[in-house]
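Read off the chains here:
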Amino acid sequence: MFNNRIGIKIILISILFFLSLSVFSQEMVSVLDFNAEGGISEYEASTLRSLFETELIGSGRYTVIEKAQQDQVINAQMDTLKGCVDDACAVEIGELLSADRILLGSVARIGSLHILTVKIIDIQTSRSEKAESIRADSIEGLIEKISILVDLLTEDGESGGTGRIIYEDEPSDGGTSSDSSQSSAETGRAYVVLKSTPENITFTLKTASGEELKRGRTPQSLPLGLATYVLEARDDEGLYIPFSENLVVNRSGRMTYEIRLEPDFGNLSVTSTPSGMQVLSGGIMLGTTPYRNDSFKSGSYNIVVKDPDGLYISHSLSLTMAPGELKSLNAILDPNFVELSVRETNNLPGKIYVEGVYDGELPWSENIPFRDVSIKVVPDDSRYYPYEVTIQPRSGGESIIKDFAFTGKCGFLIVESEPFTEGELFVDGINMGIFPNMVELFTGSHEVEIKTEVEGTSMVGKGQVVISEGEEIMLTLTLENAMPPFIFVDGGTFQMGSTSGDSDEKPVHSVTVGDFMIGQYEVTQKLYRDVVGSNPSDINRGIGDNYPVNMVSWNDAISFCNKLSEREGFEPVYRINGSNVTCDWSKNGYRLPTEAEWEFAARGGNDSQGYTYAGSSSSYIVAWFSGIETHPVGGKSANELGIYDMSGNVWEWCWDWRGRRYESGSQRDPHGASSGSQRVFRGGGWFDSYTYSRSTNRGGDVPRSRGYDLGFRLVLPSFQ
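The rules behind each value
Residues numbered from 1 in each chain as written. Predicted model: local features only at pLDDT ≥ 70, side-chain atom pairs only at ≥ 80, totals over all residues. Heavy atoms only, no water. Helix = DSSP H or I, 4+ residues; strand = E, 2+ residues; numbered from the N terminus. Buried < 20%, exposed > 50% of the residue type's maximum accessible area, 1.4 Å probe, protein only. Contact = heavy atoms within 4.5 Å. Areas by Shrake-Rupley, 256 points an atom, 1.4 Å probe, with all protein chains shown as cover. 1 Å grid on protein atoms, 1.4 Å probe; cavity = no way out; pocket = protein on both sides within 12 Å on 5 of 7 lines; lining within 4 Å. Points joined across faces, edges and corners; volume = space filled by probe spheres on them. Nonpolar A, V, L, I, M, F, W, Y, C, P; charged D, E, K, R; others polar. Pairing = 2+ DSSP bridges. Axes fitted to C-alpha atoms, helices over the stretch in contact; angles between N-to-C directions. Core = buried A, V, L, I, M, F, W, Y, C linked by side-chain atoms within 4.5 Å. Phe/Tyr/Trp six-rings, centres within 6.5 Å; stacked < 30°, edge-to-face > 60°. Polar contact = N/O pair within 3.5 Å; in protein donor to acceptor, adjacent residues only side chain to side chain. Parallel < 35°, antiparallel > 145°, perpendicular 65-115°, else oblique. Left-handed = near helix turned anticlockwise from the far one by under 90°. Lys, Arg positive; Asp, Glu negative; His and termini not counted. Salt bridge = Lys/Arg side-chain N within 4 Å of Asp/Glu carboxyl O. pLDDT = per-residue confidence, 0-100.

Undergrad: Any chance you could explain the overall build of the chain here in plain terms?
TA: Regarding its fold elements, the chain presents 13 helices and 48 strands. Per-residue burial for the chain yields a buried fraction of 48% across its 720 residues. Here the contacts in the chain between residues at least 6 apart in sequence split such that 63% fall between residues at least 24 apart. For the chain, the exposed area adds up to about 34,100 Å²; of that, 47% sits on carbon and sulfur atoms.

Below, the structure is given as structure tokens:
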């Protein structure tokens, strides 16, 4: 394209055309290549230029220099024209072509709006004489309106736009014209079809003396006599300049009269920092930023950009909009807020209330208006007092961090032991130092525990106390042996397995076990922590000294048995060499029960009543199941031997490798298969349904597996 080769950048938008008919008569004109902008292709711009030039030539009113001749002259003078970037370029080109006038054009797209712009330059005066534009929703729409642009550039219209008459029928001479033409010729009348750009505008037709004849909307067909009329038109929204022009009907026949209103609007875009602000004019809400209006009425305005939440200071912008003008406004709003963060230094949870209205949870951060604001923090734990403060910011945009600590509602507890001695004091599982001692505690109920050694024996004392605010309480705890109690199980013979259970519970076979002692309770979190030094249990599945330990693997349980044996002066039972574990059944230390010992004890040993579960045929009496967490040991009824929780609460690891089925035939003190991939666990858990709590039900997993419903129980040999 020419404008690419000589660097002309025409910023106007649209297509160009001739001056008035009298100006172009017998004059030489040249139409330069149209500039393409806003995503318009070179092909589309070239097509519009060709159609535009064809329309000019077809009018027969002027002489148009052929494009081939124009390009030849321009190409020959490229060195001379190089670097020319303004209208002077067009004038120089016109002089080389010996043209009287030269036409510059551009085609642009803004959003969905397509615009053709024409600019006419007089070569002799080097001045721009006239510029016109048309708008449409597509390139095709522009093509349909090219002839209108020609008329806009060549005719002198009245204020508010122009109109033109297109005769569709020749005057009737009684020959071959249509019936309507004959009728109009005979009566001296014409049929005028009113059309408009834009469409659907209001018109008023008056006589030359001012008498109103017709009021309506375009398009409309009017039968009129041969006379001169006054035609007025306007759009409903006031976005175009009102139209007024004489309509001269001087011949019969059918004619179309096109009203072309001049736009009285421009394109406005408003952005803001931050975005999402309201845009107002005269108190009327226009929209929110980023805001765009392609039909913004011409005139002077005061645009206000406002934050609906009042966190930013409103910004005013002056605007003067001219027809066809593109205006972009940007408002940077100053902050009218304070960045406030409220944090509790002990990370205790609580709810935030701003001016008495709930506004979130701790830790809390939010922008609040620049003014004194009352904040109240209500702790989730009722043992603490609420915290209240009034924030007094010094300037907008300030960042304030308010750290505080809830104040507890407390009383005092004095703890000593019977017999009187010294040791460690624990309250709710937390080491509070030594006893005898006085400690400050929150109001409410507390679990109190003391630990000491008397002549090499671990002793423990436990109790519960309720503290009131400001109260002082004395508590004396009795020390007892710290080791959990064991139940002696007299050996015997029983039928192991079930005919109605799962396949791995079969076949039912006779098993004889010797005497042994088994823990009355599952290993607790307290005992595990005392021996190992930590509590692995899931904090969301029941935490407390008297809860069964969970999240322990078979390997963890084996290691625990050896550590407890060493602590109590017994011989460790297990030899651990990596993943290889062997058991010396002759040793006197703590160990896991064999699967046969576990089932014999769960059934009630020699005192068995044949219950389905460990101590009852009703699972609700003896088992915790289908729940959300573990429960303190001993919370349900014991079985016939006085053993608790062998049904439900947590599954319990056993020594044996797990097989798919039992071996048939009678067995004595079986220790399970010599190898395998899974170790057995028995008894069901709090998470599973009651059916898993049957005394014969079997489960298993790899030795390294841990679960929040998986623990264990201890066994000692009877000769201990």
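Structure's up, so let's keep going.
Undergrad: I tried to follow the layout of surface pockets on my own but got confused; where do I start?
TA: Space inside the largest pocket adds up to approximately 630 Å³. Along the wall of the largest pocket there are 23 residues; nearest its centre are Arg135, Lys145, Pro198, Tyr240 and Phe265. Per-element accounting of the lining of the largest pocket gives the leading share, 4 residues, to strand β6 (residues 127-136). Taken together, the residues of the lining of the largest pocket sort by class into 11 nonpolar, 4 polar and 8 charged.

Undergrad: Help me understand the sheet that holds strand β20 (residues 315-321) in this model?
TA: What holds strands together in a sheet is hydrogen bonding between their backbones, with the strands either parallel or antiparallel. What the 4 strands build is an open sheet, ordered β17-β16-β19-β20; its pairing is antiparallel. The open sheet has two edge strands with one neighbour each: β17 (284-288) and β20. Averaged over all pairs of adjacent strands, the angle between their axes in this sheet comes to 30 degrees, without regard to strand direction. Bridge count between strand β16 (residues 278-281) and β17: 4 bridges; the pairing is antiparallel. Residue pairing in the sheet places serine 281 in a bridge with isoleucine 284 of β17.

Undergrad: Looking at this structure, how should I read unusual backbone geometry?
TA: Phi is mostly negative for residues that are not glycine, and the peptide bonds are mostly trans. With omega at -5 degrees, the peptide bond leading from threonine 289 into proline 290 counts as cis. Tracing the chain through its elements places proline 290 in the loop between β17 and β18 (291-297). Here the amide bond leading from leucine 362 into proline 363 is cis, since omega sits at -10 degrees, within 30 degrees of zero. Residue placement: proline 363 occurs in the loop between β24 (357-361) and β25 (364-369). Despite not being glycine, methionine 551 shows a phi value in the positive range, around 60 degrees. Of note, methionine 551 is situated in the loop between α10 (525-532) and α11 (554-567). Accessibility expressed as a relative area gives 24% for methionine 551, which makes it partly exposed. Residues other than glycine seldom take positive phi values, yet asparagine 649 does so here, at roughly 70 degrees. Residue placement: asparagine 649 occurs in the loop between α13 (619-622) and β43 (651-657).

Undergrad: Teacher, can you tell me more about the pairing of strand β39 (residues 509-513) here?
TA: On a regular strand, each side chain points to the face opposite its neighbour's, so the side chains alternate between the two faces of the sheet. Counted residue by residue, β39 has 5 buried out of 5 residues, so it is predominantly covered. Alternating positions in β39 separate into two faces, His509, Val511 and Val513 on one and Ser510 and Thr512 on the other, with burial throughout. The pairing of strand β38 (residues 492-496) with β39 spans 5 bridges and is classified as antiparallel. Within the sheet, the bridge partner assigned to glutamine 495 lies in β39 and is serine 510.

Undergrad: It is not clear to me how the sheet that holds strand β32 (residues 437-442) should be interpreted in this structure. Could you clarify?
TA: What the 3 strands build is an open sheet, ordered β32-β29-β35; its pairing is mixed. The sheet terminates laterally at β32 and β35 (472-478), the two strands that pair on one side only. Averaged over all neighbouring strand pairs, the angle between strand axes comes to 35 degrees, with direction disregarded.

Undergrad: Got a minute to help me understand the nonpolar core in this structure?
TA: Note on soluble globular proteins: their nonpolar side chains tend to be buried together. In terms of nonpolar packing, the biggest core is built from 29 residues, with Val523, Phe560, Tyr574, Tyr590, Leu592, Phe712 and Leu714 touching the most fellow members. Of all elements in the fold, only α10, α11, β42 (580-583), β43 and β47 (710-712) reach the threshold of two or more residues within this core. Sort the elements by how many residues they give to this core and α11 lands first, with 6 residues. Apart from residues no more than four positions distant in its own chain, leucine 592 is found in contact with Trp554, Ala557, Ile558, Cys561, Tyr574, Trp653, Cys654, Trp655, Phe712, Arg713 and Val715. Counting residues in each nonpolar core, the second largest holds 24 residues, with Val29, Phe34, Val107 and Val118 among its members.

Undergrad: Looking at this structure, how should I read the packing of aromatic side chains?
TA: Each pair of aromatic rings is reported with the distance of its centres and the angle of its planes. With the rule as written, the count across this model stands at 27 aromatic pairs. Here the aromatic rings of phenylalanine 486 and tyrosine 590 are separated by 6.0 Å at their centres, their planes lie at 40 degrees, and the arrangement is tilted. With phenylalanine 486 in strand β37 (residues 486-489) and tyrosine 590 in the loop between β42 and α12 (595-602), the pair connects residues that are 104 residues apart, well separated along the chain. Judged by relative accessible area, phenylalanine 486 falls into the partly exposed class, the value being 22%.

Undergrad: When you look at the environment of tryptophan 364 in this model, what are you seeing that I'm missing?
TA: You can see tryptophan 364 is positioned in strand β25. Apart from residues lying up to four places away in sequence, tryptophan 364 is in contact with Leu340, Ser341, Val342, Ile352, Val354 and Asp359. Within the structure, tryptophan 364 has its side chain in polar contact with the backbone oxygen of aspartate 359 (distance 3.0 Å).

Undergrad: Can you walk me through the packing of α10 against α11 in this structure?
TA: Geometrically, a packed helix pair is captured by the angle between its two axes and the distance between the axes. The interhelical angle for the contact between α10 and α11, taken along N-to-C directions, is 70 degrees, at an axis separation of 10 Å. The angle between α10 and α11 falls in the class roughly perpendicular. Viewed along their axes, α10 and α11 form a crossing whose handedness is left-handed. Residues Leu527, Tyr528, Asp530, Val531 and Val532 of α10 touch α11, and the partners they reach there are Asp556, Phe560, Lys563, Leu564 and Arg567.

Undergrad: For this particular structure, what's the right way to read the side chain of aspartate 645?
TA: Turning to its location among the elements, aspartate 645 is positioned in the loop between α13 and β43. In this structure, aspartate 645 is buried with no salt-bridge partner, the nearest side chain bearing the opposite charge being arginine 713 at 5.8 Å. A distance of 2.8 Å separates a polar atom in the side chain of aspartate 645 from the backbone nitrogen of glycine 634. Those residues in contact with aspartate 645 that lie beyond four places of it in its chain are Glu522, Trp624, Val633, Gly634, Gly635, Glu652 and Arg713.

Undergrad: For this particular structure, what's the right way to read the pattern of salt bridges?
TA: Pairing is possible between side chains of opposite charge, provided their charged atoms come close. Taken as a whole and judged by the stated rule, the model has 32 salt bridges. Put simply, glutamate 212 and arginine 215 hold a salt bridge, and the shortest N to O gap is 2.9 Å. The partly exposed category is assigned to glutamate 212, whose relative accessible area is 40%. Each member of the salt-bridge network shares a partner with another, and the members are Asp33, Arg49, Glu53, Lys67 and Asp71.

Undergrad: How should I be thinking about the confidence of the model for the chain in this particular structure?
TA: Regions with low pLDDT carry predicted coordinates that are not meant to be interpreted in detail. Residues of the chain with pLDDT of at least 70 account for 89%, and the chain-wide mean is 86. Note on residues 1-25: pLDDT is under 50 here. Beyond four places in sequence and across chains, it has 111 contacts.

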